[in-house]
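# Observations on the three-dimensional arrangement
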Amino acid sequence: MGTQGSDAQGQGTRRRTLLGAAVLGAGGAAVGLPGTAAAAERHGGGYKSLPVPTIIGHRGASGYRPEHTLGAYQLALDMGAHVIEQDLVPTKDGHLVCRHENDITGTTDVANRPEFAGRKTTKSVDGVSFTGWFTEDFTLAELKTLRAKERIPGNRPHNTLYDGRWDIPTFEEVLRWAERESRKRGKEVWLHVETKHPTYFRGLGLGLEERLAKLLRKYGKHKKNSPVFLQSFEPSSIQRLNKLVDNPLVVLLSSANSRPWDFVQAGDPRTVADLVKPEGLKWIASYAQGLGPTLDLIIPKDASGKLTKPTTLVKDAHAAGLILHPYTMRNENTFLPADFRKGTDPNAYGDVFGAFKVYFETGIDGVFTDNPDTGLLAREDFVNG
(Lines give C-alpha, C1' and ligand atoms only; values in the text may rest on other atoms or scores of the structure.)
Protein backbone atom coordinates (compact mmCIF):
# COMPACT_ATOMS: atom_id res chain seq x y z
CA MET A 1 0.00 0.00 0.00
CA GLY A 2 1.50 3.26 -1.11
CA THR A 3 1.03 6.90 -0.24
CA GLN A 4 -1.87 9.26 -0.69
CA GLY A 5 0.58 12.01 0.14
CA SER A 6 2.42 14.87 -1.47
CA ASP A 7 3.35 13.05 -4.67
CA ALA A 8 -0.35 12.44 -5.32
CA GLN A 9 -1.66 15.94 -4.67
CA GLY A 10 -2.73 16.55 -8.26
CA GLN A 11 -4.45 13.22 -8.45
CA GLY A 12 -6.11 13.92 -5.10
CA THR A 13 -7.55 17.19 -6.39
CA ARG A 14 -9.00 15.44 -9.43
CA ARG A 15 -10.43 12.71 -7.21
CA ARG A 16 -12.07 15.30 -4.99
CA THR A 17 -13.86 16.66 -8.02
CA LEU A 18 -14.84 13.18 -9.21
CA LEU A 19 -15.98 11.97 -5.81
CA GLY A 20 -17.84 15.10 -4.81
CA ALA A 21 -21.12 13.39 -5.62
CA ALA A 22 -20.73 10.90 -2.78
CA VAL A 23 -22.79 13.03 -0.42
CA LEU A 24 -26.33 13.07 0.83
CA GLY A 25 -29.07 12.98 -1.74
CA ALA A 26 -32.19 15.08 -1.27
CA GLY A 27 -33.93 12.19 0.46
CA GLY A 28 -31.08 11.49 2.86
CA ALA A 29 -29.94 8.26 1.21
CA ALA A 30 -26.38 7.48 0.23
CA VAL A 31 -25.57 8.28 -3.39
CA GLY A 32 -23.28 5.86 -5.23
CA LEU A 33 -19.95 6.92 -6.59
CA PRO A 34 -19.83 7.77 -10.29
CA GLY A 35 -18.07 5.80 -12.98
CA THR A 36 -14.99 3.74 -12.28
CA ALA A 37 -14.85 4.67 -8.60
CA ALA A 38 -18.17 2.91 -8.01
CA ALA A 39 -16.91 -0.19 -9.79
CA ALA A 40 -13.75 -0.16 -7.68
CA GLU A 41 -15.76 0.07 -4.47
CA ARG A 42 -18.11 -2.73 -5.46
CA HIS A 43 -15.23 -4.99 -6.44
CA GLY A 44 -12.88 -4.40 -3.53
CA GLY A 45 -10.79 -1.42 -4.61
CA GLY A 46 -9.34 -1.03 -1.13
CA TYR A 47 -9.11 2.08 1.01
CA LYS A 48 -7.70 4.15 -1.87
CA SER A 49 -11.15 3.91 -3.49
CA LEU A 50 -12.80 5.80 -0.61
CA PRO A 51 -13.84 9.43 -1.15
CA VAL A 52 -11.36 11.98 0.21
CA PRO A 53 -11.91 13.45 2.72
CA THR A 54 -13.58 10.37 4.14
CA ILE A 55 -16.47 10.83 6.59
CA ILE A 56 -16.36 8.22 9.36
CA GLY A 57 -19.37 7.67 11.62
CA HIS A 58 -17.82 7.78 15.11
CA ARG A 59 -19.36 4.88 17.05
CA GLY A 60 -22.13 5.13 14.44
CA ALA A 61 -24.26 8.26 14.28
CA SER A 62 -23.72 8.78 18.01
CA GLY A 63 -24.84 12.41 17.86
CA TYR A 64 -28.37 11.09 17.31
CA ARG A 65 -28.57 7.56 18.78
CA PRO A 66 -26.92 5.76 21.73
CA GLU A 67 -23.41 4.86 20.56
CA HIS A 68 -22.36 1.40 19.40
CA THR A 69 -25.87 0.14 18.75
CA LEU A 70 -27.18 -1.27 15.50
CA GLY A 71 -29.48 1.74 15.49
CA ALA A 72 -26.51 4.13 15.52
CA TYR A 73 -24.66 2.14 12.85
CA GLN A 74 -27.72 1.93 10.60
CA LEU A 75 -28.43 5.65 10.87
CA ALA A 76 -24.82 6.52 10.03
CA LEU A 77 -25.02 4.33 6.94
CA ASP A 78 -28.40 5.73 5.91
CA MET A 79 -27.00 9.26 6.27
CA GLY A 80 -24.24 8.37 3.83
CA ALA A 81 -21.19 7.87 6.08
CA HIS A 82 -18.35 6.37 4.07
CA VAL A 83 -17.05 4.28 7.01
CA ILE A 84 -18.60 3.29 10.35
CA GLU A 85 -16.58 2.72 13.53
CA GLN A 86 -16.74 -0.11 16.06
CA ASP A 87 -14.78 -0.43 19.32
CA LEU A 88 -14.23 -3.99 20.56
CA VAL A 89 -14.02 -5.39 24.08
CA PRO A 90 -14.38 -9.04 25.16
CA THR A 91 -16.90 -10.89 27.28
CA LYS A 92 -15.95 -13.35 30.02
CA ASP A 93 -16.45 -16.21 27.58
CA GLY A 94 -14.33 -14.63 24.85
CA HIS A 95 -16.85 -13.02 22.50
CA LEU A 96 -16.07 -9.60 20.99
CA VAL A 97 -18.77 -6.99 21.59
CA CYS A 98 -19.08 -3.36 20.53
CA ARG A 99 -18.57 -0.92 23.41
CA HIS A 100 -16.25 2.07 23.65
CA GLU A 101 -15.16 0.86 27.08
CA ASN A 102 -15.29 -2.38 29.02
CA ASP A 103 -16.86 -0.28 31.81
CA ILE A 104 -20.53 -0.45 30.80
CA THR A 105 -21.91 1.53 33.76
CA GLY A 106 -22.74 4.60 31.67
CA THR A 107 -23.81 2.95 28.40
CA THR A 108 -26.22 0.26 29.62
CA ASP A 109 -28.93 -0.23 32.24
CA VAL A 110 -26.73 -2.59 34.29
CA ALA A 111 -26.83 -0.33 37.38
CA ASN A 112 -30.61 -0.82 37.54
CA ARG A 113 -30.45 -4.62 37.29
CA PRO A 114 -30.57 -6.12 40.78
CA GLU A 115 -29.43 -9.53 39.56
CA PHE A 116 -26.04 -8.00 38.66
CA ALA A 117 -25.59 -5.77 41.74
CA GLY A 118 -22.88 -8.10 43.05
CA ARG A 119 -20.77 -7.63 39.91
CA LYS A 120 -20.00 -3.99 40.73
CA THR A 121 -16.28 -3.66 41.38
CA THR A 122 -13.26 -1.38 41.14
CA LYS A 123 -10.53 -2.06 38.58
CA SER A 124 -7.40 -0.41 37.26
CA VAL A 125 -7.51 -0.23 33.46
CA ASP A 126 -4.41 1.20 31.78
CA GLY A 127 -3.39 2.80 35.06
CA VAL A 128 -6.74 4.47 35.75
CA SER A 129 -9.15 3.34 38.48
CA PHE A 130 -12.80 2.73 37.57
CA THR A 131 -15.72 1.57 39.70
CA GLY A 132 -18.64 -0.07 37.93
CA TRP A 133 -19.53 -3.08 35.82
CA PHE A 134 -17.18 -4.55 33.19
CA THR A 135 -17.79 -6.69 30.11
CA GLU A 136 -15.11 -9.22 31.06
CA ASP A 137 -17.18 -10.15 34.15
CA PHE A 138 -20.24 -11.11 32.06
CA THR A 139 -20.93 -13.94 29.65
CA LEU A 140 -22.35 -12.96 26.29
CA ALA A 141 -25.73 -14.40 27.29
CA GLU A 142 -25.76 -12.17 30.37
CA LEU A 143 -24.68 -9.07 28.44
CA LYS A 144 -27.45 -9.68 25.92
CA THR A 145 -30.03 -9.18 28.68
CA LEU A 146 -28.85 -5.57 29.12
CA ARG A 147 -30.11 -2.60 27.11
CA ALA A 148 -28.01 0.23 25.71
CA LYS A 149 -28.51 3.84 26.75
CA GLU A 150 -27.12 7.31 25.94
CA ARG A 151 -23.62 7.85 27.36
CA ILE A 152 -23.79 11.67 27.76
CA PRO A 153 -27.47 12.47 28.44
CA GLY A 154 -26.59 15.90 29.82
CA ASN A 155 -25.19 16.92 26.44
CA ARG A 156 -27.65 14.94 24.33
CA PRO A 157 -30.98 14.65 26.16
CA HIS A 158 -32.81 13.92 22.90
CA ASN A 159 -30.84 10.69 22.54
CA THR A 160 -32.36 9.36 25.76
CA LEU A 161 -35.56 8.85 23.77
CA TYR A 162 -33.87 5.71 22.45
CA ASP A 163 -32.64 4.35 25.79
CA GLY A 164 -33.49 0.65 26.03
CA ARG A 165 -34.30 0.19 22.35
CA TRP A 166 -31.17 -1.78 21.42
CA ASP A 167 -28.89 -4.33 23.03
CA ILE A 168 -25.10 -4.62 22.89
CA PRO A 169 -24.14 -5.94 19.44
CA THR A 170 -21.46 -8.54 18.94
CA PHE A 171 -18.87 -7.81 16.28
CA GLU A 172 -20.05 -10.89 14.42
CA GLU A 173 -23.55 -9.41 14.30
CA VAL A 174 -22.05 -6.21 12.85
CA LEU A 175 -20.18 -8.20 10.19
CA ARG A 176 -23.43 -9.93 9.21
CA TRP A 177 -25.24 -6.58 9.18
CA ALA A 178 -22.54 -5.09 6.93
CA GLU A 179 -22.84 -8.03 4.54
CA ARG A 180 -26.62 -7.62 4.30
CA GLU A 181 -26.35 -3.88 3.73
CA SER A 182 -23.59 -4.33 1.15
CA ARG A 183 -25.76 -6.71 -0.87
CA LYS A 184 -28.77 -4.40 -0.58
CA ARG A 185 -26.84 -1.31 -1.67
CA GLY A 186 -24.60 -2.89 -4.30
CA LYS A 187 -21.48 -1.41 -2.66
CA GLU A 188 -19.25 -2.36 0.21
CA VAL A 189 -20.03 -1.13 3.71
CA TRP A 190 -16.76 0.00 5.28
CA LEU A 191 -15.93 -0.52 8.96
CA HIS A 192 -13.24 1.08 11.18
CA VAL A 193 -12.57 -1.37 14.03
CA GLU A 194 -10.61 -0.58 17.19
CA THR A 195 -9.05 -2.97 19.69
CA LYS A 196 -9.63 -1.41 23.13
CA HIS A 197 -7.11 -1.87 25.96
CA PRO A 198 -5.41 -4.83 24.22
CA THR A 199 -2.53 -5.19 26.71
CA TYR A 200 -4.97 -5.19 29.64
CA PHE A 201 -7.14 -7.88 28.06
CA ARG A 202 -4.17 -10.00 27.00
CA GLY A 203 -3.17 -10.05 30.65
CA LEU A 204 -6.59 -11.52 31.47
CA GLY A 205 -6.20 -14.27 28.87
CA LEU A 206 -8.67 -12.50 26.56
CA GLY A 207 -6.34 -11.43 23.72
CA LEU A 208 -8.29 -9.38 21.17
CA GLU A 209 -6.20 -9.66 18.02
CA GLU A 210 -6.49 -13.41 17.45
CA ARG A 211 -10.23 -13.35 18.09
CA LEU A 212 -10.65 -10.42 15.72
CA ALA A 213 -8.53 -12.05 13.01
CA LYS A 214 -10.53 -15.28 13.31
CA LEU A 215 -13.82 -13.44 12.73
CA LEU A 216 -12.42 -11.44 9.82
CA ARG A 217 -11.22 -14.66 8.18
CA LYS A 218 -14.57 -16.36 8.78
CA TYR A 219 -16.29 -13.59 6.81
CA GLY A 220 -13.55 -13.13 4.21
CA LYS A 221 -12.75 -9.62 5.50
CA HIS A 222 -9.06 -10.17 6.27
CA LYS A 223 -7.52 -9.16 2.93
CA LYS A 224 -5.59 -6.14 1.67
CA ASN A 225 -8.62 -4.71 -0.14
CA SER A 226 -11.23 -5.75 2.44
CA PRO A 227 -13.48 -2.88 3.55
CA VAL A 228 -12.28 -2.97 7.16
CA PHE A 229 -9.72 -0.69 8.78
CA LEU A 230 -8.19 -1.97 12.01
CA GLN A 231 -7.01 0.57 14.58
CA SER A 232 -5.58 0.80 18.09
CA PHE A 233 -3.96 3.24 20.49
CA GLU A 234 -1.38 0.53 21.19
CA PRO A 235 1.15 0.12 18.36
CA SER A 236 1.96 -3.44 19.46
CA SER A 237 -1.67 -4.42 18.83
CA ILE A 238 -1.39 -3.16 15.26
CA GLN A 239 1.96 -4.95 14.83
CA ARG A 240 0.31 -8.16 16.04
CA LEU A 241 -2.61 -7.69 13.63
CA ASN A 242 -0.14 -7.01 10.81
CA LYS A 243 1.09 -10.61 11.22
CA LEU A 244 -2.42 -12.08 11.34
CA VAL A 245 -4.33 -10.29 8.55
CA ASP A 246 -3.73 -8.03 5.55
CA ASN A 247 -6.27 -5.28 6.35
CA PRO A 248 -5.33 -1.58 6.25
CA LEU A 249 -3.99 -0.70 9.70
CA VAL A 250 -4.18 2.57 11.63
CA VAL A 251 -2.27 3.69 14.74
CA LEU A 252 -4.34 5.99 16.96
CA LEU A 253 -2.55 8.84 18.74
CA SER A 254 -3.68 10.70 21.86
CA SER A 255 -2.24 13.94 23.29
CA ALA A 256 1.38 14.81 22.50
CA ASN A 257 2.65 14.26 26.05
CA SER A 258 0.95 10.88 26.49
CA ARG A 259 2.45 7.41 26.07
CA PRO A 260 0.68 4.37 24.64
CA TRP A 261 -0.11 1.95 27.45
CA ASP A 262 1.87 -0.85 25.83
CA PHE A 263 4.89 1.50 25.83
CA VAL A 264 4.37 2.12 29.55
CA GLN A 265 4.19 -1.62 30.21
CA ALA A 266 7.25 -2.37 28.06
CA GLY A 267 9.34 0.51 29.40
CA ASP A 268 9.46 2.24 25.99
CA PRO A 269 10.15 5.92 26.84
CA ARG A 270 8.70 7.34 23.63
CA THR A 271 5.72 9.69 23.79
CA VAL A 272 3.20 10.57 21.10
CA ALA A 273 5.33 13.68 20.47
CA ASP A 274 8.13 11.31 19.45
CA LEU A 275 5.85 9.23 17.22
CA VAL A 276 4.71 12.25 15.18
CA LYS A 277 8.29 13.19 14.31
CA PRO A 278 9.52 11.97 10.90
CA GLU A 279 11.49 9.12 12.50
CA GLY A 280 8.44 7.96 14.47
CA LEU A 281 6.19 8.21 11.42
CA LYS A 282 8.64 6.15 9.39
CA TRP A 283 8.53 3.48 12.10
CA ILE A 284 4.71 3.45 12.07
CA ALA A 285 4.67 3.26 8.26
CA SER A 286 6.77 0.09 8.43
CA TYR A 287 3.70 -1.84 9.60
CA ALA A 288 0.64 0.44 9.20
CA GLN A 289 -1.04 2.50 6.50
CA GLY A 290 -2.60 5.29 8.52
CA LEU A 291 -2.77 7.48 11.60
CA GLY A 292 -5.75 8.40 13.73
CA PRO A 293 -4.49 11.43 15.65
CA THR A 294 -6.49 13.64 17.97
CA LEU A 295 -7.41 16.85 16.14
CA ASP A 296 -5.16 18.79 18.52
CA LEU A 297 -2.16 17.12 16.88
CA ILE A 298 -3.32 18.59 13.55
CA ILE A 299 -4.08 22.10 14.87
CA PRO A 300 -3.21 22.78 18.54
CA LYS A 301 -5.35 25.05 20.70
CA ASP A 302 -4.15 27.95 22.84
CA ALA A 303 -4.95 28.45 26.52
CA SER A 304 -8.37 29.91 25.66
CA GLY A 305 -9.31 26.91 23.53
CA LYS A 306 -8.92 28.67 20.18
CA LEU A 307 -7.14 27.11 17.22
CA THR A 308 -3.55 28.12 16.52
CA LYS A 309 -1.28 27.33 13.56
CA PRO A 310 -1.42 23.81 12.04
CA THR A 311 1.50 21.51 12.76
CA THR A 312 3.49 19.76 10.02
CA LEU A 313 1.91 16.38 10.90
CA VAL A 314 -0.24 16.13 7.75
CA LYS A 315 2.69 16.88 5.46
CA ASP A 316 5.09 14.67 7.40
CA ALA A 317 2.66 11.74 7.59
CA HIS A 318 1.90 11.95 3.87
CA ALA A 319 5.63 12.02 3.15
CA ALA A 320 5.91 8.76 5.12
CA GLY A 321 3.10 7.21 3.05
CA LEU A 322 0.45 7.39 5.77
CA ILE A 323 -3.13 8.63 5.51
CA LEU A 324 -4.69 10.60 8.38
CA HIS A 325 -8.14 10.07 9.91
CA PRO A 326 -8.19 12.36 12.98
CA TYR A 327 -10.89 12.35 15.68
CA THR A 328 -13.51 13.66 16.68
CA MET A 329 -15.83 16.31 15.22
CA ARG A 330 -19.04 16.95 17.15
CA ASN A 331 -21.68 19.63 16.61
CA GLU A 332 -22.12 20.87 20.17
CA ASN A 333 -20.35 23.99 21.43
CA THR A 334 -18.71 22.15 24.31
CA PHE A 335 -16.76 19.94 21.90
CA LEU A 336 -15.78 22.67 19.40
CA PRO A 337 -12.74 24.97 19.41
CA ALA A 338 -13.62 28.17 21.26
CA ASP A 339 -13.53 30.25 18.06
CA PHE A 340 -16.38 28.21 16.58
CA ARG A 341 -18.80 28.26 19.51
CA LYS A 342 -22.09 30.16 19.20
CA GLY A 343 -23.94 31.56 22.19
CA THR A 344 -23.52 30.49 25.80
CA ASP A 345 -25.31 27.12 25.85
CA PRO A 346 -22.58 24.44 25.86
CA ASN A 347 -24.97 21.89 24.35
CA ALA A 348 -26.24 24.10 21.50
CA TYR A 349 -24.77 23.62 18.04
CA GLY A 350 -21.87 25.88 17.13
CA ASP A 351 -20.30 26.85 13.80
CA VAL A 352 -19.26 23.29 13.07
CA PHE A 353 -19.14 23.94 9.30
CA GLY A 354 -16.50 26.59 9.90
CA ALA A 355 -14.48 24.17 12.01
CA PHE A 356 -14.74 21.37 9.43
CA LYS A 357 -13.47 23.76 6.73
CA VAL A 358 -10.37 24.70 8.72
CA TYR A 359 -9.51 21.06 9.44
CA PHE A 360 -10.18 19.93 5.84
CA GLU A 361 -7.88 22.67 4.57
CA THR A 362 -4.94 21.03 6.38
CA GLY A 363 -5.11 18.14 3.89
CA ILE A 364 -6.41 15.42 6.22
CA ASP A 365 -7.70 12.34 4.41
CA GLY A 366 -10.82 11.93 6.53
CA VAL A 367 -12.32 12.60 9.94
CA PHE A 368 -14.36 10.86 12.62
CA THR A 369 -17.61 12.61 13.46
CA ASP A 370 -20.60 11.94 15.72
CA ASN A 371 -22.76 13.72 13.11
CA PRO A 372 -22.17 12.10 9.71
CA ASP A 373 -24.82 14.18 7.93
CA THR A 374 -23.12 17.40 9.05
CA GLY A 375 -19.72 16.03 8.03
CA LEU A 376 -20.99 15.08 4.58
CA LEU A 377 -22.45 18.54 3.98
CA ALA A 378 -19.21 20.15 5.16
CA ARG A 379 -17.32 17.83 2.82
CA GLU A 380 -19.60 18.80 -0.06
CA ASP A 381 -18.87 22.48 0.62
CA PHE A 382 -15.14 21.72 0.65
CA VAL A 383 -14.87 19.62 -2.50
CA ASN A 384 -17.12 21.96 -4.49
CA GLY A 385 -15.73 25.19 -3.05
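From a predicted model like this one, the values you see are computed outputs, not experimental measurements.

## Some details on the overall build of the chain
For the chain, the helix and strand inventory stands at 15 helices and 11 strands. Counting over 385 residues, the chain shows a buried share of 56%. A total accessible area of about 15,600 Å² is found for the chain, and carbon and sulfur atoms account for 52% of it.

## Looking at the confidence of the model for the chain
For the chain, per-residue confidence averages 91 on the pLDDT scale, and residues scoring 70 or more make up 89% of the total. In the model of the chain, helix α1 (residues 9-19) stands out as the element of lowest mean pLDDT, 37, in contrast to strand β3 (residues 96-98), which has the highest, 99. Note on residues 1-43: pLDDT under 50 across the span, and 82 contacts to partners over four residues away in sequence or across chains.

## Digging into the packing of aromatic side chains
Here the structure, examined in full by the defined rule, presents 11 aromatic pairs. Taken together, a centroid distance of 6.1 Å and an interplanar angle of 25° make the contact between Y162 and W166 stacked. Its relative accessible area of 21% is what places W166 among the partly exposed residues. Every member of this aromatic cluster is reached through a ring pair, and the members are Y47, W190 and F229. Directly above the ring of Y162 sits R65, whose terminal nitrogen or CZ lies 4.1 Å from the centroid. The aromatic ring of W283 is capped on one face by R270, whose charged end is 4.1 Å from the ring centroid.

## Here's the deal with unusual backbone geometry
Of all residues except glycine, most have a negative phi; of all peptide bonds, most are trans. The amide bond that connects V52 to the next residue, P53, takes the cis arrangement and shows omega of -5°. Looking at the secondary structure, you find P53 in the loop between α2 (35-42) and β1 (54-57). Following Y327, the chain continues to T328 via a peptide bond in cis, the omega torsion being -15°. When you line up the elements, T328 lands in the loop between β10 (323-324) and α14 (352-360). Phi at H68 is positive, roughly 55°, even though this residue is not glycine. As for its position among the elements, H68 is in the loop between β1 and α3 (70-79).

What counts, and at which threshold
Residues numbered from 1 in each chain as written. Predicted model: local features only at pLDDT ≥ 70, side-chain atom pairs only at ≥ 80, totals over all residues. Heavy atoms only, no water. Helix = DSSP H or I, 4+ residues; strand = E, 2+ residues; numbered from the N terminus. Buried < 20%, exposed > 50% of the residue type's maximum accessible area, 1.4 Å probe, protein only. Areas by Shrake-Rupley, 256 points an atom, 1.4 Å probe, with all protein chains shown as cover. pLDDT = per-residue confidence, 0-100. Contact = heavy atoms within 4.5 Å. Phe/Tyr/Trp six-rings, centres within 6.5 Å; stacked < 30°, edge-to-face > 60°. Lys NZ or Arg CZ within 6 Å of the ring centre and 35° of its normal.

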